[in-house]
Amino acid sequence: MLRARVVLNPAAVVAPVNRRTFGSFVEHMGRCVYTGIYEPGHPSADEDGFRTDVLALARELGVSMVRYPGGNFVSGYRWEDGVGPAEQRPRRRDLAWRSIETNQVGIDEFAKWAEKADVEIMYAVNLGTRGVQEALDVHEYINHPEGTELSERRRTNGAEKPYGIKLWCLGNELDGPWQTGHKTAEEYGLLAASTARALKSAEPDLELVACGSSSSTMPTFGAWESTVLEHAYDVVEYVSCHAYYEEHDGDLGSFLASAVDMDHFVNSIVATADAVGARLKSKKKINLSFDEWNVWYLSRFQSAPLPKEWEVAPRVIEDQYNVADAVVVGNLLISLLRHSDRVTAACQAQLVNVIAPIMTEPGGPAWRQTIFHPFARTAALAKGDVLETRIDSPTYETARYGSAPVIDAVATHDAATGDVTVFIVNRDQQNPVELTIDLSAFGADLSVADSWTLTDDDLRAANTRDEPERVTLRPTTDIPTGALTEAGTEVRLTLPRVSWTALRLSR
Ligand code: AHR
């Protein structure tokens, strides 16, 4: 039996749990919007055409914030196409995803959806084909109270009050040659800085996100952030990070260690941002907005070209997720929480149908993919402060990320209720691990409230329309290997091979 130990201490606080860690992403892409969140005529559609089955699942998922409207889509988007009388809105080509955008959903509709879903909006402006003026225009429409051309247009369109969106992305992935309006770091840094200055003249307390690298494998990774921040440091609060993981050529060991790479990504960009701050003699710290992360079988997408025909809402990257994918997603959330002192916003990409925890069929049901479960449980249980988690674990070798610990974990402590929750993965492919959690620093009055595990004998098992509950969370002790004991100030549990667990202790 493999053994590991985790030591927790309520005095060793990383940072408060930030609700924005549990963000998601709705892009006008594939079926995320149309037949995803919005499907007038669907049996569950409300008076605004929103699927209430999807709204209920988004609430259950615990999503706190949603990035909108893209993504690659935003780099060719004209926001004004999506406002005003629906029947007069133009149909346009979306070059990013080679599809037809009908503009039946725009910011006014999305803001209604966000209110129903009870989520904050993170709004991305187009800095691909557009610039400072259009960013100011959409800001005037969205946030200016009244008495100007565009704020009055919003009011005429039915939204009397401004939307009060605080968090704005200055474009999307402009380091990527695939991006409409792709730029060099120098060009983008200048544009991001002048757009930020203009937006802040209109509303000084906006929180602005400059585009970082679209992946850590980009040749300009690090250098891009450095140049962009040299220009924009004083006027932005965040730099973005994007990372997608997949199992390459059956290398499950590396895939299960994806969070090792995410940790490295975060540490690299924090160091880069802080180095720019030091050069500029600034006391300000730039935080990270990890505003696209997930498992995405990108290599399958790259080998299957986009549809030839121009269609409305085609099926694009509707990845079906299995048990191993869910364990990795749970582990990526562990990594994000661990870095809560600097990663203060994050968005899983995306929410519905497009590499998503929620799937739908047009006219049919909605269901939870495997990756839904660790996200929902983490969002529900991570409360209070994130604690430093000292882990003593066996390690294993991976082809991609070198040596990786078999056990990864993070814990949160809610001083108000006394609850402590530990989120843990076992990455070992063969063996259960007996984990001891040392709680002696909390005193003797903590005991196990509940413990939930996601695993399966079949790591490729998935949820489908016909079998939507095939993979779900189960009480740890209902799993043959999932023993759980407590003695004084220690808890001992046996974590099944390839599993994700959330253990909650209370007074
Ligand atoms: O989430 C899918 C796509 O991935 C987004 O549109 C883009 O920003 C990223 O490359």
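The name recorded for the chain in an unreviewed UniProt entry is non-reducing end alpha-L-arabinofuranosidase, from Actinoplanes palleronii. Within the UniProt record for the chain, the comment given under Subunit (unreviewed entry) is "Homohexamer; trimer of dimers." Turning to the chain, the UniProt record has this under Catalytic activity (unreviewed entry): "Hydrolysis of terminal non-reducing alpha-L-arabinofuranoside residues in alpha-L-arabinosides."

Structural notes on the side chain of T476
Looking at where T476 falls in the secondary structure, it is placed in the loop between β24 (474-475) and β25 (484-487). Only 2.6 Å separates the side chain of T476 from the side chain of S451, close enough to count as a polar contact. Once residues lying within four places of it in the same chain are set aside, the contact partners of T476 are S451, W452, T453, G482, L484, L493, T494 and T501.

Structural notes on the nonpolar core
W113, Y123, Y188, F290, W293 and I437 are the most contacted members of the largest nonpolar core, which has 152 residues in total. The biggest single contributor to this core is helix α10 (residues 323-338), with 11 residues. Beyond its immediate sequence surroundings of up to four residues, I437 is in contact with V6, L8, V422, I424, T489, E490, V491, L493 and L503. Ranked by size, the runner-up nonpolar core spans 12 residues in total, among them L167, Y238, A345 and A349.

Re the site of the ligand
Close to the ligand lie F25, E27, G71, N72, W97, N172, E173, Y244, E292, W296 and Q350, which account for all nearby residues. One nitrogen or oxygen atom from the side chain of E173 is found 2.7 Å from an oxygen atom belonging to the ligand. Q350 is positioned with one of its side-chain polar atoms (N or O) 3.0 Å from an oxygen atom of the ligand.

Quick look at the pattern of salt bridges
Tallying each qualifying case throughout the model produces 38 salt bridges. Of the charged contacts in the structure, one is a salt bridge between D438 and R5, with a shortest N-O distance of 3.2 Å. With D438 in strand β22 (residues 433-438) and R5 in strand β1 (residues 2-7), the pair connects residues that are 433 residues apart, well separated along the chain. Of the charged contacts in the structure, one is a salt bridge between R507 and D445, with a shortest N-O distance of 2.6 Å. Within this pair, whereas R507 is found in the segment after β27 (499-506), its partner D445 is found in the loop between β22 and β23 (447-454), the two being separated by 62 residues in sequence. Residues joined in a network through salt bridges with shared partners are D46, E47, D48, K112 and K116.

About the criteria used
- Residues numbered from 1 in each chain as written.
- Predicted model: local features only at pLDDT ≥ 70, side-chain atom pairs only at ≥ 80, totals over all residues.
- Heavy atoms only, no water.
- UniProt positions renumbered as here; feature names shortened; annotations may be inferred.
- Helix = DSSP H or I, 4+ residues; strand = E, 2+ residues; numbered from the N terminus.
- Polar contact = N/O pair within 3.5 Å; in protein donor to acceptor, adjacent residues only side chain to side chain.
- Contact = heavy atoms within 4.5 Å.
- Core = buried A, V, L, I, M, F, W, Y, C linked by side-chain atoms within 4.5 Å.
- Buried < 20%, exposed > 50% of the residue type's maximum accessible area, 1.4 Å probe, protein only.
- Near = heavy atom within 4 Å.
- Salt bridge = Lys/Arg side-chain N within 4 Å of Asp/Glu carboxyl O.

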